[in-house]
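An overview of the molecular structure
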Amino acid sequence: TSVSSLAAIDLGASSGRVVLARVGPDELDLEAVARFPNDPVTLPSGLHWNPLELYRNVLLGLRAAAAASPDGLHGAAVDSWAVDYALLRGGRMLGVPFHYRDARTQVGVDRVHARVSPEELYQRNGLQFLPFNTLYQLAADPLTDVADGLLLIPDLITAWLTGRSTTERTNASTTGLLDVATGRWDEDLIGRLALPRRLFGELVDAGDTVGPLLPGVAAQVGSDVPVHAVGSHDTASAVVGVPMESADAAYISCGTWGLVGVELEHAVLTEAGRAARFTNERGVDGRVRYLTNVMGLWLLNESVREWERAGERVDLPALLRQADQVSASVVVFDVQDERFLAPGDVPARIVDWYVERGHRPPESRPELVRCIVESLAQAFADAVEQAQRLSGQQVRVVHVVGGGSVNRSLCQSTADRTGRPVLAGPVEATAIGNVLVQARAVGALAGDLDMLRALVRQTQPTTRYLPGKGSTT
Ligand code: LFR
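Residues numbered from 1 in each chain as written. Predicted model: local features only at pLDDT ≥ 70, side-chain atom pairs only at ≥ 80, totals over all residues.

Under an unreviewed UniProt entry, the name given to the protein chain is Rhamnulokinase family protein, and the organism recorded is Angustibacter luteus. Looking at the protein chain in UniProt, the text filed under Sequence similarities (unreviewed entry) is "Belongs to the FGGY kinase family." (UniProt positions renumbered as here; feature names shortened; annotations may be inferred.)

Notes on the UniProt feature "domain: Carbohydrate kinase FGGY C-terminal" (unreviewed entry) in the protein chain
In this structure's numbering, the residues bearing the UniProt feature "domain: Carbohydrate kinase FGGY C-terminal" (unreviewed entry) are residues 250-441. In the segment residues 250-441, helix accounts for 46% and strand for 16%; the C-alpha atoms at its two ends are 27 Å apart. (Helix = DSSP H or I, 4+ residues; strand = E, 2+ residues; numbered from the N terminus.)

Focus: the site of the ligand
In the neighbourhood of the ligand, 13 residues make up the surrounding shell, with W81, A82, V83, T235 and W257 lying closest. Grouping the constituent residues of the shell around the ligand by class yields seven nonpolar, five polar and one charged. (Near = placed C-beta within 6 Å. Nonpolar A, V, L, I, M, F, W, Y, C, P; charged D, E, K, R; others polar.)

Some details on the UniProt feature "domain: Carbohydrate kinase FGGY N-terminal" (unreviewed entry) in the protein chain
Mapped onto the present numbering, the UniProt feature "domain: Carbohydrate kinase FGGY N-terminal" (unreviewed entry) falls on residues 9-241. Between the end C-alpha atoms of residues 9-241 the distance is 15 Å, and the span holds 33% helix and 25% strand.

Here we look at the packing of helix α11 (residues 298-309) against helix α14 (residues 365-391)
Where α11 meets α14, the closest approach of the two axes is 10 Å, and the angle between their N-to-C directions is 160 degrees. Of the possible angle classes, the one that applies to α11 and α14 is roughly antiparallel. Note that α11 runs across α14; the crossing there is right-handed. Across the interface between the two elements, L299, L300 and S303 of α11 pack against L368, V369, I372 and L376 of α14. (Axes fitted to C-alpha atoms, helices over the stretch in contact; angles between N-to-C directions. Parallel < 35°, antiparallel > 145°, perpendicular 65-115°, else oblique. Left-handed = near helix turned anticlockwise from the far one by under 90°. Contact = placed C-beta atoms within 7 Å.)

What to know about unusual backbone geometry
Omega for the bond connecting G425 with P426 falls within 30 degrees of zero, at 0 degrees, which places this linkage in the cis form. Tracing the chain through its elements places P426 in the loop between β19 (422-424) and α16 (429-441). Despite not being glycine, R277 has its phi angle at roughly 60 degrees, a positive value. With respect to the element layout, R277 can be found in the loop between α10 (271-275) and β16 (279-282). Note on R277: 17 C-beta atoms within 10 Å, which makes it partly exposed. Not every positive phi belongs to a glycine, and D285 is a case in point at roughly 60 degrees. Take D285: it is sitting in the loop between β16 and β17 (288-294). (Buried ≥ 20, exposed ≤ 12 C-beta atoms within 10 Å, placed from the backbone.)

Digging into helix α13 (residues 346-356)
Spacing of three or four residues puts side chains on the same side of an α-helix, whose turn is 3.6 residues. Looking at α13, one finds that the buried residues are V346, P347, I350 and W353. Considered in projection along α13, the buried side chains sweep an arc of 115 degrees and stay on one side of the axis. Of the residues in α13, the exposed ones pointing more than 90 degrees away from the buried face are A348, V355 and E356. The inward-facing, buried residues of α13 abut α11 and α14. Count one or two residues on from α13 and you reach G358, which has phi positive near 75 degrees. (Arc of directions from axis to C-beta.)

So, the packing of α14 against helix α15 (residues 408-418)
Across the interface, α14 lies against α15 with an axial gap of 8 Å and an inter-helix angle of 45 degrees. By the angle between their directions, the pair α14 and α15 is classed as oblique. Between α14 and α15 the crossing geometry is right-handed. Of the residues in α15, those touching α14 at V373, E374, L376, A377, Q378, F380, A381 and V384 are S409, L410, S413, T414, R417 and T418. Among the residues forming the contact of α14 with α15, the class breakdown is seven nonpolar, five polar and two charged.

With respect to the sheet that holds strand β14 (residues 249-254)
In spatial order, the strands read β16-β17-β15-β14-β18-β19-β20-β21; together these eight strands make up an open sheet with mixed pairing. With one partner strand each, in any of the chains shown, β16 and β21 (471-472) form the two edges of the open sheet. Here strand β15 (residues 258-264) runs beside β17; their pairing, made up of seven bridges, is antiparallel. Residue pairing across strands places V260 opposite T292, the latter belonging to β17. Against the sheet, α14 contacts β14, β15, β17 and β18 (397-401), and its axis sits at roughly 20 degrees relative to β15. (Pairing = 2+ DSSP bridges.)

What follows is the structure in structure tokens.
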């Protein structure tokens, strides 16, 4: 084993980055060599992603990564948000991929549930109900009739880079069409939903090598780079990067979403878990991510976007500091209310929530931000409690990774409301999980997830928040 240079291409719902890492048995150094926005586009057909723009930025990022590693890149791998897909025919993309926040999925939900009950679906795929799970989107997509292939977003970028079409299994588990017991496509379910079997292709696992860059791509990047499969669902990679020391820990992967749960060896398919919307997503090395989706920083960021749409400039760090000073007592609102899912005027919807219940609504921006932070922390605490109760896994410490881990008030309030210590960091857990799995694939690291996490603990700083107290780094 020796030190490797690896690129993580990490595409989030509001921005993407290419992170260059140097990874070896005692080393884990990261540097973001490219950051770019990921702005959805509204067309008459609905809310869409812009995958061409993402791909263009991925190439520029890879070029920057190659330029910054004179001894060559030992690998690159893509991860992104889950569930969304492109349909293809003859290798060409058909239409523009939809954003999971597009409102078109309700008819798909009705169509799917008319054929297979939610209870049966849960036994088969283990997934929490989210109206945008791929199977509901597909049931509402007329292009499935003419398509001969489907690629999830990270697999689409990987296919453009390498010319190889594959479906990485952690992300495939978010389609709702993977058998939770076997990790294979559920042929029977696909048939009963009248979806064409030809759409669902070869499954690969995190750690597999997909292939070299296409010659034309290598020319644009300025270097040849082997492309790997990693936990291509960003949350799967993020959980690899959580520095958990033992099983008695919960994690909160907090970016656009707050994914709150525990890691398990086996799926839990109880009716209580289904009712509480706990999911069994497939993790790296066959582990199970038993978690629930909490609304996340979306509430804050979409509020800021709404103010900016009105032509203002918003200084979020200053606003967060003012929010900390708010002395009025805070009534928490239900961040899980479905009205917050769609893009738009989130602040007005929050005010409505309070008014409808006869509570005094937040009257200033700092007050609104304070309500968001406290309400998120309360939802995190409730989800941690549920994860423990539903899985039987004792939780003694709560890890927060991702963008939310640098939000001090959110971390402190989460410690207070869970009554447990919060260990915050690393902020780039997703990119870390991506490169750790690549490092193992190329032989720069060896061992199971516990050993990979030990390297994260050894090299990445964390901040500890104690309930009712303060923080230490
Ligand atoms: C987080 C995430 C969640 C998934 C949501 C939609 O970025 O991947 O895990 O539920 O986005 O894809």
